[in-house]
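# Remarks on the overall topology
Listed below, chain by chain, are the residues.
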Amino acid sequence: MLSKKTINPQALEVSVVQRRTPKTLSLMGAVLAVLLLGTGCETTTTTSESGGSSSSAGGNVQLISDFPEQVVIPTYKLLVEKSNTLKTKVDAFTADANVETLKAAQVAWTEAREPWEQSEAFAFGPAESLGYDGDLDDWPVNETDLKGVLKGAAPISAETVEGLQTTQKGFHTIELLLFGSDNNKTAADFSDREKQLVQQLATAFDQTANDLVTSWSEGIDGNPAYKTVLATAGSEDNSAYPTSQSALEEIVGGIIGCLDEVGNEKIGEPLKAKTTDDLESRFSHTSATDFKNNLIGAQNAYLGKSKAGTSGASLSAWLAEKDADLDAQIQKELQAAIDAVAAIPAPIEPKISEEAALAQMQSAQDAVLTAFSTFEEQVLPLVESS
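Residues numbered from 1 in each chain as written. Predicted model: local features only at pLDDT ≥ 70, side-chain atom pairs only at ≥ 80, totals over all residues. Heavy atoms only, no water.

Test applied: UniProt positions are given in the numbering used here, feature names are shortened, and annotations may be inferred rather than shown by experiment.
The protein goes by Iron-regulated protein A in an unreviewed UniProt entry, where it is assigned to Acaryochloris thomasi RCC1774. Recorded under Subcellular location (unreviewed entry), the UniProt text for the protein is reproduced unchanged: "Cell envelope".

### Things to note about the packing of helix α3 (residues 61-95) against helix α10 (residues 192-217)
Selection rule: Between N-to-C directions, angles span 0 to 180 degrees; the directions come from axes that are lines fitted to C-alpha atoms, helices contributing only their stretch in contact. Going along the chain from the N terminus, every DSSP run of H or I of four or more residues is numbered as a helix, and every run of E of two or more is numbered as a strand. Between 65 and 115 degrees an angle is taken as roughly perpendicular, under 35 as roughly parallel, over 145 as roughly antiparallel, and anywhere else as oblique. Two helices that cross are described as forming a left-handed crossing if the nearer one is turned anticlockwise from the farther one by less than a right angle, and a right-handed crossing if clockwise. Think of it as three bins: nonpolar holds Ala, Val, Leu, Ile, Met, Phe, Trp, Tyr, Cys and Pro, charged holds Asp, Glu, Lys and Arg, and polar takes everything else, Gly as well.
Following both chains from N to C, one finds α3 and α10 inclined at 160 degrees, their axes separated by 9 Å at the closest point. The angle between α3 and α10 places the two elements in the roughly antiparallel class. Viewed along their axes, α3 and α10 form a crossing whose handedness is left-handed. Considering only residue class, the contact of α3 with α10 consists of 15 nonpolar, seven polar and five charged.

### Some thoughts on the packing of aromatic side chains
To be explicit about the condition: The rule is short: rings of Phe, Tyr and Trp, with Trp giving its six-membered ring, pair when the centres are within 6.5 Å, and they are stacked under 30 degrees, edge-to-face over 60, tilted in between. Distance and angle both matter: a charge sits over a ring if NZ of Lys or CZ of Arg is within 6 Å of the ring centre and within 35 degrees of the ring normal.
Enumeration over the complete set of coordinates arrives at 10 aromatic pairs. Aromatic side chains W216 and Y226 sit 4.9 Å apart centroid to centroid with 70 degrees between the ring planes, which places their arrangement in the edge-to-face category. Here W216 is found in helix α10, whereas its partner Y226 is found in helix α11 (residues 226-231), with 10 residues between them in sequence. Above the ring of F171, the side-chain terminus of R113 is found at 4.6 Å from the ring centroid.

### Examining the environment of F171
Threshold: Any two residues having at least one pair of non-hydrogen atoms within 4.5 Å are treated as being in contact.
Note that F171 resides in helix α9 (residues 171-179). Expressed as a C-alpha distance, the spacing of F171 and W139, which sit 32 residues apart in the sequence, is 8.7 Å. Not counting the four nearest positions on each side in its chain, F171 is found in contact with W109, A112, R113, W116, L136, D137 and F205.

### Digging into the pattern of salt bridges
The condition is simple: Put simply, a salt bridge is a Lys or Arg side-chain nitrogen that is within 4 Å of an Asp or Glu carboxyl oxygen. We call a residue buried when its accessible area falls under 20% of the maximum for its residue type, exposed when it is over 50%, and partly exposed in between, using a 1.4 Å probe and counting protein chains only.
Counted by the stated rule, this structure contains 14 salt bridges. The residue E120 makes a salt bridge to K266 at a minimum N-O spacing of 2.9 Å. Linking E120 in the loop between α4 (99-119) and α5 (126-129) with K266 in helix α12 (residues 244-273), this pair joins segments that are 146 residues apart in sequence. The residues E120 and K266 share a single accessibility class, namely buried. The partner of E269 in a salt bridge is K272, and the shortest N-O contact between them spans 3.4 Å. Placement of both E269 and K272 in helix α12 is noted, with a separation of three residues, approximately one turn of the helix. Residue E269 is classed as partly exposed on the basis of its relative accessible area of 31%. Through salt bridges with shared partners, a single network forms among R113, E117, E120, D137, K266, E280 and D290.

### Quick word on the nonpolar core
When a protein is soluble and globular, its nonpolar side chains tend to lie buried together. How we decide: Among buried residues, the Ala, Val, Leu, Ile, Met, Phe, Trp, Tyr and Cys ones that are joined through side-chain atoms within 4.5 Å form a nonpolar core.
Core analysis: the biggest nonpolar cluster contains 99 residues, and Y76, L197 and L259 have the highest contact counts within it. The biggest single contributor to this core is α3, with 12 residues. Residues in contact with L259, not counting those within four places in the same chain, are L295, A298, L334, V368, A371, F372 and F375.

### A few points about helix α13 (residues 287-303)
Here is the rule we go by: A helix is expected to reach a length of 1.5 Å times the quantity of its residues less one.
For α13, spanning 17 residues, the distance from its first C-alpha to its last is 25 Å, which sits close to the expected 24 Å at 1.5 Å a residue. Of all 17 residues making up α13, 13 are buried, and the element is well covered by its neighbours. Following α13 by one or two positions, G304 has its phi on the positive side, about 70 degrees.

### Things to note about the packing of α12 against α13
At a minimum axis separation of 9 Å, α12 and α13 run at an interaxial angle of 165 degrees. One element, α12, and the other, α13, form an angle in the roughly antiparallel class. Of the two elements, α12 crosses α13, and the hand of that crossing is left-handed. In contact with I255, C258, L259, V262, K266 and I267 of α12, α13 contributes F291, N294, L295, A298, A301 and Y302. When its residues are assigned to classes, the contact of α12 with α13 shows 10 nonpolar, one polar and one charged.

What follows is the structure, given as structure tokens:
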């Protein structure tokens with residue numbers, strides 16, 4: 001079992017800004033400043049469903065209370081369900097390596113990506129400050145050091161995995177081991193040490209996924225559940241979110257950061273290079289599916305819902321009260337981005353140099369960045385004037 005890390009106030013305090021790109025960081029500062037200076041609203045105290053009281057300005061108390069309960073935790077619970085299946089299938093493969101058990105493990109890996117990628121629109125709080133994001137999904141894989149582990153003679157154990165860099169474990173190292181660098185690995189290709197390592201990695205991955213959802217729903221090592229930290233924004237003793245507006249800023253920032261990453265990095269970098277080197281899930285040939293799930297996650301975060309069927313107060317409704325047309329525009333642009341990404345020929349990896357595929361990649365990038373720009377250029381002015 002992996003050792004659990006301790007939540008501390010300092011870690012929580014920096015969670016708002018750690019994940020931001022420089023452009024987004026500047027934007028977040030602007031958002032926060034606008035929200036703090038522009039509301040001029042009466043401050044009331046409301047008891048949230050999470051059991052805490054929060055300072056209300058702008059009608060966002062229900063939103064920041066519902067967001068973890070109806071969006072974050074249900075999505076992470078789906079991740080835990082899938083991570084447990086991945087562990088089970090990898091265990092079965094390493095016990096009896098054959099075509100069927102390898103295929104089952106590969107399918108389980110692919111299915112675990114869906115809830116994780118949909119969670120990246122809210123990868124703040126414990127995912128960032130406690131390092132769960134890095135442990136689960138750092139990339140690219142450090143293939144050089146990974147080969148060193150596989151060539152070594154020391155027994156591969158849970159302690160071995162705990163001592164690895166984040167670029168030697170998590171989704172993409174498991175992906176490389178299961179699929180191979182050219183997406184053509186067979187059960188007969190596995191060495192004994194590869195089987196030992198992938199089994200230990202899958203076990204550690206499942207534990208980290210469980211720790212992540214526990215950190216939000218119950219808290220870890222005596223620290224408060226992060227759902228309560230978010231829902232009690234504005235309380236005197238809440239150093240992570242001194243105002244309810246700062247919690248709303250975190251939610252908005254998560255969506256903007258996700259759109260930025262998909263448009264400018266995940267699609268943008270491979271589009272410029274015209275190679276698979278920067279495609280995140282290139283070993284399994286599922287990078288285009290990642291794009292789509294990231295955007296569905298951003299859409300879910302905006303609409304206040306999850307794939308599990310839960311829903312609550314939403315940023316969409318919050319915005320619609322101020323500008324219904326803009327809310328409708330954002331919803332249309334998010335769906336257009338999802339549709340444009342779905343039109344990318346999949347798998348994109350073997351087609352990355354084809355003109356037709358690159359044209360679809362360009363269209364998808366344009367659609368994603370259109371939604372990103374709307375948040376940046378139209379939502380912010382509306383907030384400034386509200």
